[in-house]
Amino acid sequence: MSENEHANTGYDEWLDAIEDGNAYYLECSNGHGSLPPRRICPECGEIGLEETPLPETGTIDTYTVVHVAAPSFADDAPYTTAIADFGPVRVTAMAPDDVAVGDTVSLTIGESKTNGDRLLLFERR
Ligand SMILES: [Zn+2]
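Residues numbered from 1 in each chain as written. Predicted model: local features only at pLDDT ≥ 70, side-chain atom pairs only at ≥ 80, totals over all residues. Heavy atoms only, no water.

Asker: What's the story with the overall build of the protein chain in this structure? I'm lost.
Answerer: When helices and strands are counted, the protein chain shows 1 helix and 8 strands. Start at the N end of the protein chain and walk to the C end: the helices and strands fall as α-β-β-β-β-β-β-β-β. Taken against the 2.2 N^0.38 rule, which gives 14 Å for 125 residues, the C-alpha radius of gyration of the protein chain at 15 Å falls within 12% of a compact globule. Taking the principal axes of its C-alpha atoms as reference, the protein chain extends roughly 40 × 35 × 25 Å. Out of the 125 residues in the protein chain, the part that is buried amounts to 34%. (Helix = DSSP H or I, 4+ residues; strand = E, 2+ residues; numbered from the N terminus. Rg over C-alpha atoms; globule rule 2.2 N^0.38 Å. Buried < 20%, exposed > 50% of the residue type's maximum accessible area, 1.4 Å probe, protein only.)

Asker: Help me out: how do you make sense of the pairing of strand 8 (residues 118–124) in this one?
Answerer: Within a regular strand, side chains alternate between the sheet's two faces. Sheet analysis places strand 7 (residues 104–111) next to strand 8, joined by 7 bridges and oriented antiparallel. Considered in strand 8, the bridge of Ser106 is made with Glu123. A loop of 6 residues connects strand 7 with strand 8, the two strands running antiparallel in sequence, and Gly116 in this loop sits at a positive phi of about 75 degrees. (Pairing = 2+ DSSP bridges.)

Asker: I would appreciate a short explanation of the coordination of the zinc ion in the present structure.
Answerer: The expected angle between donors at a tetrahedral four-coordinate metal is 109.5 degrees. At an octahedral six-coordinate metal it is 90 or 180 degrees. Taken together, the protein ligands of the zinc ion are Cys28 (SG), His32 (ND1), Cys41 (SG) and Cys44 (SG), with distances of 2.1 to 2.3 Å. Taken together, the 4 donor atoms coordinating the zinc ion and their angles of 105 to 114 degrees define a geometry best described as tetrahedral. Given the relative accessible area of 3%, Cys41 is considered buried. (Donors = N, O, S within 2.8 Å, 3.2 Å for Na, K, Ca; no water. Tetrahedral: all angles 85-135°; square planar, octahedral: opposite > 155°, others 65-115°.)

Asker: Where do I start with the sheet that holds strand 3 (residues 50–53) in this structure?
Answerer: Sheet strands pair by backbone hydrogen bonding; their relative direction is either parallel or antiparallel. Strand order in the open sheet formed by 3 strands is 2-1-3, with antiparallel pairing between adjacent strands. Unpaired on one side and paired on the other, strand 2 (33–34) and strand 3 mark the two borders of the sheet.

Asker: Looking at this model, I keep getting lost on a nonpolar patch on the surface. Mind explaining?
Answerer: On the surface, Tyr63, Val65 and Val101 cluster together to form a nonpolar patch covering roughly 260 Å² of accessible area. Val65 sits in the partly exposed class, given a relative accessible area of 41%. (Patch = residues over 30% accessible without salt bridge, like charges linked within 9 Å, V, L, I, M, F, W, Y side chains within 5 Å. Areas by Shrake-Rupley, 256 points an atom, 1.4 Å probe, with all protein chains shown as cover. Salt bridge = Lys/Arg side-chain N within 4 Å of Asp/Glu carboxyl O.)

Asker: Help me understand the packing of aromatic side chains, please; the structure alone is not making it clear to me.
Answerer: Where two aromatic rings form a pair, the distance of their centres and the angle of their planes describe that pair. On inspection of all chains with the given rule, the structure shows 3 aromatic pairs. Relative to Trp14, the ring of Tyr11 lies with its centre 6.0 Å away and its plane at 50 degrees, an arrangement referred to as tilted. In this pair, Tyr11 and Trp14 are both assigned in helix 1 (residues 2–19), 3 residues apart and thus about one turn of the helix distant. On the basis of relative accessibility, which here comes to 1%, the residue Trp14 falls in the buried class. Relative to Tyr79, the ring of Phe73 has its centre 5.8 Å away and its plane inclined at 55 degrees; by these criteria the two rings are tilted. On the basis of relative accessibility, which here comes to 10%, the residue Tyr79 falls in the buried class. (Phe/Tyr/Trp six-rings, centres within 6.5 Å; stacked < 30°, edge-to-face > 60°.)

Asker: Could you clarify how one ought to interpret the environment of Arg39 in this entry?
Answerer: Its location among the elements puts Arg39 in the loop between strand 2 and strand 3. Arg39 gets classed as exposed once you look at its relative accessible area, which sits at 52%. C-alpha separation for the pair Arg39 and Leu49, spaced 10 residues apart in sequence, amounts to 6.5 Å.

Here it is in structure tokens:
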């Protein structure tokens, strides 16, 4: 399970960075964007991804309301998850219930009502 530990470590560091207002994405030398905890470019397989500042705002591409959640989100349901286009990367996060396609959002950190865990959250700008 050491592979998973590594993955979770990278993800926690990423949440810390977002919380500190230093959100970033990973970019390979070919300009492909991806998100932590990746270590290899999903498009071209390059290793050695560069942390690059995430654009401050993205645009909601699509969203969906989750009524039946996984156990780890049971008390959060129903909730809305959305995908926002930040240019080089697309990010999936929880979103306000009245979110609409085309809304401008920024990425922030919220808290799960189920277990208090930190989670990704879109905030309307
Ligand atoms: Zn690449």
